[in-house]
Amino acid sequence: MKRIAVCPGSFDPITLGHLDIINRASTIFDKVIVLVSFNAAKKAAFTVGERVEMIYDVVRDMDNVVVDCNDGLLADYLKRTGATAIVKGLRAVSDFEYEFQMALANRKLYDGAETVFLTTTGENMFLSSSVVKQIAYFGGDISGLVPPQIHDFIKSRLLKSDDIKI
Ligand code: PNS
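Cut-offs applied
- Residues numbered from 1 in each chain as written.
- Predicted model: local features only at pLDDT ≥ 70, side-chain atom pairs only at ≥ 80, totals over all residues.
- Heavy atoms only, no water.
- Pairing = 2+ DSSP bridges.
- Helix = DSSP H or I, 4+ residues; strand = E, 2+ residues; numbered from the N terminus.
- Axes fitted to C-alpha atoms, helices over the stretch in contact; angles between N-to-C directions.
- Contact = heavy atoms within 4.5 Å.
- Near = heavy atom within 4 Å.
- Polar contact = N/O pair within 3.5 Å; in protein donor to acceptor, adjacent residues only side chain to side chain.
- Areas by Shrake-Rupley, 256 points an atom, 1.4 Å probe, with all protein chains shown as cover.
- Nonpolar A, V, L, I, M, F, W, Y, C, P; charged D, E, K, R; others polar.

(A) Structural view of the sheet that holds strand 4 (residues 85-90). Taken together, the five strands give an open sheet; going across it, the order is 3-2-1-4-5, and neighbouring strands pair in parallel fashion. Two strands in the sheet have a free side with no partner beyond their single neighbour: strand 3 (65-70) and strand 5 (114-119). Going from strand to strand, the sheet's axes swing by 30° on average, the running direction of each strand aside. Relative to strand 4, strand 1 (residues 4-9) is paired through two bridges, and the arrangement is parallel. When the sheet's bridge partners are listed, V6 is paired in strand 4 with I86. Running over the sheet, helix 2 (residues 48-59) touches strand 2 (31-37) and strand 3 and is turned about 175° from strand 3. Relative to strand 4, helix 4 (residues 93-109) is tilted by about 175°, and along the sheet it contacts strand 4 and strand 5.

Below is the structure:
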C-alpha cells in the first residue's frame, strides 16, 4: 500500500521553511500532497490560485510531490484521497499547543488521520509567511527566505500592496 502524506497550510506564500519540510516528507512517504487549505482565522494576501501556482513552480521537479487545494475539512480530504498522514513543521514550543490541538481534532474527525511533526532546521526557526510578507511590503530583502523561482513575483506583488494585512 502506498503511504500518502498531506502537507497542509495556508502557504501565503510558501517559504524555504515550508519547502524544507516538504522535501524531507518526500523522502519518508511514497507520495506527498501539498495542500493549500483554508484557515478561517487568517486573511490571505495571495489568491488560492496564486498560492497553488507558486508551490507548483517550486515542487515541479520533485517526482512524488503534487499540489492541490481544499476549502473543506482536512480530515474529509484525507478520507477522500486515502492519505494517512498529515505532516507539519514545528518551529518552537509556541507552535506546539496549536498544532497539538489540530492533530487531536483531526484524529477525532477521522481516526485514520495521523499527524507527523518534523522539526524545523535551526536557520528557519524564525521564518514564517507573515515575516516574509512584512519584509516584502517594506521593500526589504527576502532572498534566502523564499524559493528563488518565486522571489520576484512575491516582491512585486507585496511591495506597498493595499490589500495586504500582515
Ligand atoms: O499554515 P496554517 O495557516 O497554519 O495552516 C492551518 C491549516 C490551513 C492547515 C488549518 O487551518 C486547516 O487544516 N484548515 C482546514 C479546516 C480544518 O480541517 N481544520 C482542522 C479541524 S478544526
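(B) Up close: the site of the ligand. Within the structure, the ligand sits among 14 residues, and S10, F38, N39, K42 and L74 are positioned closest to it. The backbone of L74 places a nitrogen or oxygen atom 2.8 Å from an oxygen atom of the ligand. In isolation the ligand offers 550 Å² of accessible surface; the protein chains occlude 80% of this area. Looking at the shell around the ligand, the elements that each hand over two or more residues are strand 1 and helix 4. Of all the elements, helix 4 adds the most residues to the shell around the ligand, at three residues. Considered class by class, the residues forming the shell around the ligand number six nonpolar, six polar and two charged.

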